[in-house]
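Coordinates in review
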Protein chains: 2
Amino acid sequence: MSEQTSRRERKKAATRQAIANTALTMFLERGYDAVGIREVAQAADVAVTTVFAHFPSKEALVFDRDQGLQDRLVDAVTGRGRRWSAAQALRDELHVMVHEFTGEQSAVFWRLVDGSPELREYESRMWQRHADALALAIAADRGRAEPATTDKALARYVLGVFPLAREAPDPATAVDEIMDLVDAAWAAARQNRAAEVPKPAP
Amino acid sequence: MSEQTSRRERKKAATRQAIANTALTMFLERGYDAVGIREVAQAADVAVTTVFAHFPSKEALVFDRDQGLQDRLVDAVTGRGRRWSAAQALRDELHVMVHEFTGEQSAVFWRLVDGSPELREYESRMWQRHADALALAIAADRGRAEPATTDKALARYVLGVFPLAREAPDPATAVDEIMDLVDAAWAAARQNRAAEVPKPAP
DNA sequence: ACAGTAACGCTAACCGTTAGGATTTCACAA
DNA sequence: TTGTGAAATCCTAACGGTTAGCGTTACTGT
């Protein structure tokens, strides 16, 4: 479970954590726009350049832990039991995730995000990244090494659940409504597969 | 056809055009990142503040004429004959538009866009805006004043054609593949409509 | 102990963007 | 014609995220 880490790696990880925690606390207290990078660096007792050595942008400070989301979605497809379809596994996982996001604990976080156009935009880029990763998993599940157009499309539709569910009056219902569409699209993609023709060499 | 325009409006439009044309020319010649806003302003013989009075951001200088795209998609739904479904009308229009974008004339433009992360991101925001407008048209077409979750989802799927078709080996085929998925999703959304229950007043 | 390298620091700048406020240009009515 | 208000443009100065360049410290492996 615990990887072998050198002192250097541990210190680096600690610095990264300290910066992200400091930044998020300050953002929540005073607002994202009202806190500058120079302030964050000073409060975390590091140089501004160190902040950007750990995070590619100011927005990334907020979505510090987004890799886990991507892993959960990919695992839902690759690590599911044989009894469920990929779409069903994704639907289940989406219900859990959306439920987490709409819980009272996450409310302050998403209020912070919704309060800033830059953060909302970064969020949508994040879903896009996760969609690319999910497209790979879906392609593999359908027996392809590279994602085809339909694989990418389906992955996007799945990730589209998050923005739409978050703004829907009843998020859980929204998840089911959208996943019903995805199920139908998925079935259509399965049929087209039979019509595929191997591409002749140019 | 020609609206009644005052001299003031004509001059304003001319200034806007001059700025956009100057900027696009410079970007194409020297690259988007290599040309600063201050340079564009100087070349167009206006103040920097005037540039931002006409365009909300540097990226908007490139996508000067994007409103037309939105109008074409919305019109495809609202102004179609009774013999076609909305999905079919959109498929036809998408074929025309994607064909335009992949023509030799547009190639340099999209190379410029693909060469800059900022422009690619602005492009995706643009599709998102158009998806919101299309969602309204779809909702109206299905007899709703406000777009429901499924309306928004379908609109997004339609707009998702552009990024996916542009990176596909055969764009025209990609359009059909994706619209086949959309057709299936659309049919599924139509069925769910029967299950809708009027919301009781709170 | 020592050399190499990764992490961190400091300074100074670049660039998009905006506030503030002056100045010109136009539309419209007295 | 002239006056008046509004819209368009201009100038200056700054703010905030981001990066380049280069020096310093802390750790790793020998």
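Computed from a predicted structure; not experimentally measured.

All names here are of chain A. Taken domain by domain, chain A holds domain 1 (3-58) and domain 2 (65-196). Each partner contributes to the roughly 600 Å² buried at the junction of domain 1 and domain 2, and carbon and sulfur atoms together form 65% of this total. Ranking the residues of domain 1 by area buried against domain 2 places Gln17, Leu28 and Tyr32 at the top, with a combined share of 58%. The interface formed by domain 1 and domain 2 contains zero salt bridges. Taken together, the residues of the side of domain 1 that touches domain 2 sort by class into four nonpolar, two polar and one charged.

On to the protein's contact with DNA strand C. Inspection of the region around DNA strand C gives 23 residues, with Thr50 and His54 of chain A together with Arg8, Lys11 and Lys58 of chain B positioned closest. Considering DNA strand C, the proportion of its atoms within 4 Å of the protein that are sugar or phosphate atoms stands at 57%. Contact distances for DNA strand C include 2.9 Å between a phosphate oxygen and a backbone N or O atom of Arg7 of chain B. Mapped by element, the contributors of at least two residues to the surface near DNA strand C are helix 1 (7-30) and helix 3 (48-54) of chain A together with helix 1 (7-30), helix 2 (37-43) and helix 3 (48-54) of chain B.

Quick look at the interface of chain B and chain A now. Listed by partner, the interface residues are 25 residues for chain B and 24 residues for chain A. Between chain B and chain A, a total of about 2200 Å² is buried, with carbon and sulfur atoms accounting for 64% of that surface. Area buried by chain B at its contact with chain A is led by Thr149, Tyr157 and Leu181 of chain B, which between them contribute 29% of it. At the junction of chain B and chain A, the tally comes to four salt bridges. For the salt bridge of Lys152 of chain B with Glu167 of chain A, the shortest nitrogen-to-oxygen distance reads 2.7 Å. Between the two partners, chain B and chain A, sit four residue pairs in polar contact (both at pLDDT 80 or more).

As a further point, take the UniProt feature "DNA-binding region" (unreviewed entry) in chain A. According to UniProt, the positions carrying the feature "DNA-binding region" (unreviewed entry) are residues 36-55 of chain A. A distance of 15 Å separates the end C-alpha atoms of residues 36-55 of chain A, which is 70% helix and 0% strand.

It is worth spelling out helix 7 (residues 117-141) of chain B at this point. Its 25 residues give helix 7 of chain B an end-to-end C-alpha distance of 36 Å, which sits within 8% of 36 Å, the value for a rise of 1.5 Å per residue. Downstream of helix 7 of chain B by a residue or two, Gly143 of chain B has a phi angle that is positive, lying close to 85°.

The next thing to look at is the protein's contact with DNA strand D. Around DNA strand D sit 23 residues in total, of which Arg8, Lys11 and Lys58 of chain A together with Thr50 and His54 of chain B are the nearest. A share of 57% is what sugar and phosphate atoms reach among the atoms of DNA strand D within 4 Å of the protein. Between DNA strand D and Arg7 of chain A, the relevant distance is 2.7 Å, taken from a phosphate oxygen to a main-chain nitrogen or oxygen of the residue. When contributions to the surface near DNA strand D are tallied by element, the ones reaching two or more residues are helix 1, helix 2 (37-43) and helix 3 of chain A together with helix 1 and helix 3 of chain B. Taken together, the residues of the surface near DNA strand D break down into six nonpolar, eight polar and nine charged.

Residues and elements named next belong to chain A. Put simply, helix 6 (residues 104-114) and helix 7 (residues 117-141) touch, their axes get as near as 7 Å, and they point 105° apart. Between helix 6 and helix 7, the angle is such that the two are roughly perpendicular. Along its contact with helix 6, which presents Trp110, Leu112, Val113 and Asp114, the element helix 7 presents Leu119, Arg120, Glu123 and Trp127. Residues belonging to the contact of helix 6 with helix 7 are distributed by class as follows: five nonpolar, no polar and three charged.

Residue and element names in this part refer to chain A. Backbone geometry places Asp45, a non-glycine residue, at a positive phi of 60°. Within the secondary structure, Asp45 is located in the loop between helix 2 and helix 3. For Asp45, a relative accessible area of 68% puts it in the exposed group.

Glancing now at the layout of surface pockets. Space inside the largest pocket adds up to approximately 1800 Å³. Of all the secondary-structure elements, those providing two or more residues to the lining of the largest pocket are helix 7, helix 8 (149-159) and helix 9 (161-167) of chain A together with helix 7, helix 8 (149-159) and helix 9 (161-167) of chain B.

Cut-offs used in this document
Residues numbered from 1 in each chain as written. Chains lettered and ligands numbered in written order. Predicted model: local features only at pLDDT ≥ 70, side-chain atom pairs only at ≥ 80, totals over all residues. Heavy atoms only, no water. Domains from an automatic or database assignment. Buried area = accessible area lost by both parts, 1.4 Å probe. Salt bridge = Lys/Arg side-chain N within 4 Å of Asp/Glu carboxyl O. Nonpolar A, V, L, I, M, F, W, Y, C, P; charged D, E, K, R; others polar. Near = heavy atom within 4 Å. Polar contact = N/O pair within 3.5 Å; in protein donor to acceptor, adjacent residues only side chain to side chain. Helix = DSSP H or I, 4+ residues; strand = E, 2+ residues; numbered from the N terminus. Contact = heavy atoms within 4.5 Å. UniProt positions renumbered as here; feature names shortened; annotations may be inferred. Expected span 1.5 Å × (residues − 1). Axes fitted to C-alpha atoms, helices over the stretch in contact; angles between N-to-C directions. Parallel < 35°, antiparallel > 145°, perpendicular 65-115°, else oblique. Buried < 20%, exposed > 50% of the residue type's maximum accessible area, 1.4 Å probe, protein only. 1 Å grid on protein atoms, 1.4 Å probe; cavity = no way out; pocket = protein on both sides within 12 Å on 5 of 7 lines; lining within 4 Å. Points joined across faces, edges and corners; volume = space filled by probe spheres on them.

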